Amino acid sequence: MKTIRKNVVSVTFAAIFALFCPLAFAKSYAETDYFLTLRYAQNAFENGDYGKALALAEKAKNERIKSVESELKILDQTQKIAAVRKAGDSLDDIMSELRQRNQAKAIEVIENYVYKYGKDKFDGKFSKLKEFIVRTKNFPESDFLIGKIYRLEGETSVAEEYMNKAYDKKDILNVPDLKYDILYELAEISKDKHDNDGYERYFKNILKDDKYYADEEPKDANAAKSAKEAIPAENSRAIHNKRAYMNSIVRLIKTNRADSVEKFFLMYRNDSDISTKALAGLSDFYFKQGQNEKALRCSALGCITALTKIEEILKDRVTDYTYTSFSDLLKKASSYSDIVSWGNKNGIWQMYFNFAEIANSCGCKNFAQELFSILKDYEPEAYWKNRAERSYEKLTGPAPLQ
């Protein structure tokens, strides 16, 4: 049975450790200690023992440095072999020489990195492999946890420093998707600091990887030309396709028909669920800034993305479930406490309410009224359900007394 994750990505350190384990067959126990230590640090963090968590996270960083230095020493030893030096910089040629001489430790080190990152990561060159291994002395997972600890302790600037260190080394994350968790934390830190530019920037960094999200086309001709020139040619078609998708969504909303609500939720899907919370956050941010068109695009795609995730969960839990209507999906979702909790933590139920408010602010009263009529009856969260009812009555007048 599928479960809703605690946040949009929520890559746990237990999962990171588990994914690292296949490499442990070729590495000594001591060399994988740092991930085990980090797991203990995460356990302490979750139990509220922040002092212990911080000490263990720092210990994990030191263990990683020692492990990487040991690997580099092993590789440096191979250069004392004349035949290996003569093999030049080719990983294939060097590996051939190492195998002929039964240099098991060096072979293990090289194979571990090639297995995990692929030979292309190093352009097939020994020198680039070594440069990368030096870089792995950094431990972004540990910096991320330390940053979370400092944030909880109110040390915002220190927390931001560690989060940025972790994000700068995202290319060596054991689980690449952890970069989204880091960006979400940085966005929240920006919010705490009232740094609107940072808040928007970090969310938009997440949305770069969304399958469909795209900004509006700049309205100023010169700005549009500059924007197009700034986009690499190989990416321009992808951006064009994203904008076409987003523009089709907005066009449907702006038909301003009541029956377009169900048509909207029937026609579109987006399984890039890493971006749900970013879209929810940006839609609310843009709406409060009075940037209604941007808010409409974000809330529309965010609502589709959240619906796609909920539909996926319901298909796993409800026998022969098929999507029939938005109201039916909300009704069924309401019966699962974890879905309701996930929606609250990620701003989903607020986003659906905001979507109706934003649509109305963009002149789509009929669309908004129909959406409010669904939300007032089926929103899983009572607060937003009541808000939807009040907004519906503002558009239509109070319901007649029975």
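Attention in this report is confined to the structure presented alongside it. (Residues numbered from 1 in each chain as written. Predicted model: local features only at pLDDT ≥ 70, side-chain atom pairs only at ≥ 80, totals over all residues. Heavy atoms only, no water.)

1. Focus on the packing of helix 16 (residues 292-317) against helix 19 (residues 348-361)
Between two packed helices, the angle of one axis relative to the other and the distance separating the axes together describe the packing.
Reasoning step 1: Where helix 16 contacts helix 19, the two axes come as close as 9 Å, and the packing angle between them is 140 degrees. It follows from the interaxial angle that helix 16 and helix 19 lie oblique. Between helix 16 and helix 19 lies a crossing of left-handed hand. Of the residues in helix 19, those in contact with N292, A295, L296, S299, A300, G302, C303, A306, L307 and I310 of helix 16 are I348, W349, M351, Y352, F355, I358, A359 and S361. (Axes fitted to C-alpha atoms, helices over the stretch in contact; angles between N-to-C directions. Helix = DSSP H or I, 4+ residues; strand = E, 2+ residues; numbered from the N terminus. Parallel < 35°, antiparallel > 145°, perpendicular 65-115°, else oblique. Left-handed = near helix turned anticlockwise from the far one by under 90°. Contact = heavy atoms within 4.5 Å.)

2. Notes on the nonpolar core
For soluble globular proteins, nonpolar side chains are generally found buried alongside one another.
Reasoning step 1: Core analysis: the biggest nonpolar cluster contains 79 residues, and I253, F264, F265, F326, Y352 and F355 have the highest contact counts within it.
Reasoning step 2: For this core, the leading source of residues is helix 16, giving 12 residues.
Reasoning step 3: Counting residues in each nonpolar core, the second largest holds 21 residues, with L72, L91, F126 and F132 among its members. (Core = buried A, V, L, I, M, F, W, Y, C linked by side-chain atoms within 4.5 Å. Buried < 20%, exposed > 50% of the residue type's maximum accessible area, 1.4 Å probe, protein only.)

3. Focus on the side chain of K376
Reasoning step 1: Locating K376 in the fold gives a position in helix 20 (residues 365-378).
Reasoning step 2: Not counting residues within four places of it along the chain, the set of residues in contact with K376 comprises K385, A388, E389 and Y392.

4. A look at the state of the cysteines
Reasoning step 1: Taken as a whole, this structure holds zero disulfides when the rule is applied.
Reasoning step 2: Here C362 stays free of any disulfide, with the sulfur of C364 as its closest cysteine sulfur at 6.2 Å.
Reasoning step 3: Assessed through its relative accessible area of 19%, C362 is described here as buried. (Disulfide = S-S within 2.5 Å.)

5. A closer look at helix 11 (residues 196-207)
Reasoning step 1: Taking 1.5 Å as the rise per residue, helix 11 with 12 residues should run 16 Å; its terminal C-alpha atoms sit 17 Å apart, in good agreement.
Reasoning step 2: Those residues of helix 11 not exposed but buried are G198, Y199, E200, Y202, F203, I206 and L207.
Reasoning step 3: Elements in contact with the buried residues of helix 11: helix 9 (156-168), helix 10 (178-192), helix 15 (276-288) and helix 16. (Expected span 1.5 Å × (residues − 1).)

6. Let's talk about helix 16
Reasoning step 1: The end-to-end C-alpha distance of helix 16 is 37 Å, a good match for the 38 Å that 26 residues give at a rise of 1.5 Å each.
Reasoning step 2: Taken across its 26 residues, helix 16 has 20 buried, putting it largely inside the fold.

7. Quick notes on the environment of K66
Reasoning step 1: Note that K66 resides in helix 3 (residues 50-78).
Reasoning step 2: Put simply, K66 and K137 are 71 residues apart on the chain and 8.2 Å apart in space, counted from C-alpha to C-alpha.

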